[in-house]
Amino acid sequence: NAGVTQTPKFQVLKTGQSMTLQCAQDMNHEYMSWYRQDPGMGLRLIHYSVGAGITDQGEVPNGYNVSRSTTEDFPLRLLSAAPSQTSVYFCASSAVGNEQYFGPGTRLTVT
Amino acid sequence: GDSVTQMEGPVTLSEEAFLTINCTYTATGYPSLFWYVQYPGEGLQLLLKATKADDKGSNKGFEATYRKETTSFHLEKGSVQVSDSAVYFCALSPVPVTTDSWGKLQFGAGTQVVVTP
């Protein structure tokens, strides 16, 4: 039981490049979400999904896309990276009403 | 909208000192309240939670009581250890609890705690 896994751990991008942050969970959780963590701002919700095929926007969705084709996977896509997207990204999953489990994070730097 | 305010850090303590981290919230109704801990280089882990007024959450020597009259959920530990050095986040989950609302945690800014030997 690996819990929530994220890849890569670290990534450096140039402005304008695109990439996908991977997230997977093996707990059969229906709920998955992406947060970004910035100094002094806590974690802010980017996108979330309540099940395969269902996604919605959180507090800061601009510049990010998501899809959920399976229960296990919830990738986050940066279409055209900007320096403002330099952050630490966390994926989380849960069953409704239960504890959220967080992945170890991806540290992204956009130059 | 919903929001969480917690005291700024860093908070620096000596081992065996008493720790308090203040957390207040603004929300409609009675949300569920959480404390998460983030150890260096790791993701967040749930430390404790309370789902209704006057509930006390506790874990690993930490406690927090859901106070609806003061809209607060302060975290306390009577005797901290060096291993408690981490960033602590207060968070709420809005009500009503639905499939859509449950995971939309609203986090405070986080409080870094440094415990020295």
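Above this note sits the structure.
So, a few notes on the structure that sits alongside this text.

### Let's talk about the environment of A:Ser94
Within the fold, A:Ser94 resides in strand β9 (residues 87-94). Accessibility expressed as a relative area gives 0% for A:Ser94, which makes it buried. A C-alpha to C-alpha distance of 6.7 Å links A:Ser94 and A:Glu30, two positions 64 residues apart in sequence. When sequence neighbours within four positions are dropped, the list of residues in contact with A:Ser94 reads A:His29, A:Glu30, A:Tyr31, A:Glu99, A:Gln100 and B:Trp102.

### What to know about the interface of chain B and chain A
One frequent convention defines the size of an interface as the accessible area lost when the parts assemble. Between chain B and chain A, the contact holds 21 residues from the first and 22 residues from the second. Of the roughly 1,700 Å² buried between chain B and chain A, counting both surfaces, carbon and sulfur atoms make up 58%. Taken together, chain B and chain A are joined by 0 salt bridges. The interface formed by chain B and chain A holds 3 residue pairs in polar contact (both at pLDDT 80 or more) in total. Of all the secondary structure elements, the ones that give two or more residues to the side of chain B that touches chain A are β5 (32-38), β6 (44-50) and β11 (106-107) of chain B.

### Some words on the state of the cysteines
Each disulfide consists of a covalent bond between the sulfur atoms of two cysteine residues. Per the stated rule, a full pass over the model turns up 2 disulfides over all chains. The side chain of A:Cys23 participates in a disulfide bridge whose partner is A:Cys91; the two sulfur atoms lie 1.8 Å from each other. Given an S-S torsion of about -70°, the disulfide between A:Cys23 and A:Cys91 has left-handed geometry. Note that A:Cys23 is positioned in strand β3 (residues 19-25) and A:Cys91 in strand β9, a separation of 68 residues in sequence. Of the residues examined, A:Cys23 reaches a relative accessible area of 2% and is grouped as buried. Take A:Cys91: its relative accessible area is 0%, and that puts it in the buried class. Disulfide pairing is shown between B:Cys23 and B:Cys90; the S-S distance is 1.9 Å. When the S-S torsion is -70°, as for the bridge of B:Cys23 with B:Cys90, the disulfide is left-handed. In this pair, B:Cys23 sits in strand β4 (residues 23-26) while B:Cys90 sits in strand β10 (residues 86-93), placing the two residues 67 residues apart along the sequence. Across the pair, exposure class does not vary: B:Cys23 and B:Cys90 are buried alike.

Criteria and cut-off values
Residues numbered from 1 in each chain as written. Chains lettered and ligands numbered in written order. Predicted model: local features only at pLDDT ≥ 70, side-chain atom pairs only at ≥ 80, totals over all residues. Heavy atoms only, no water. Helix = DSSP H or I, 4+ residues; strand = E, 2+ residues; numbered from the N terminus. Buried < 20%, exposed > 50% of the residue type's maximum accessible area, 1.4 Å probe, protein only. Contact = heavy atoms within 4.5 Å. Buried area = accessible area lost by both parts, 1.4 Å probe. Salt bridge = Lys/Arg side-chain N within 4 Å of Asp/Glu carboxyl O. Polar contact = N/O pair within 3.5 Å; in protein donor to acceptor, adjacent residues only side chain to side chain. Disulfide = S-S within 2.5 Å.

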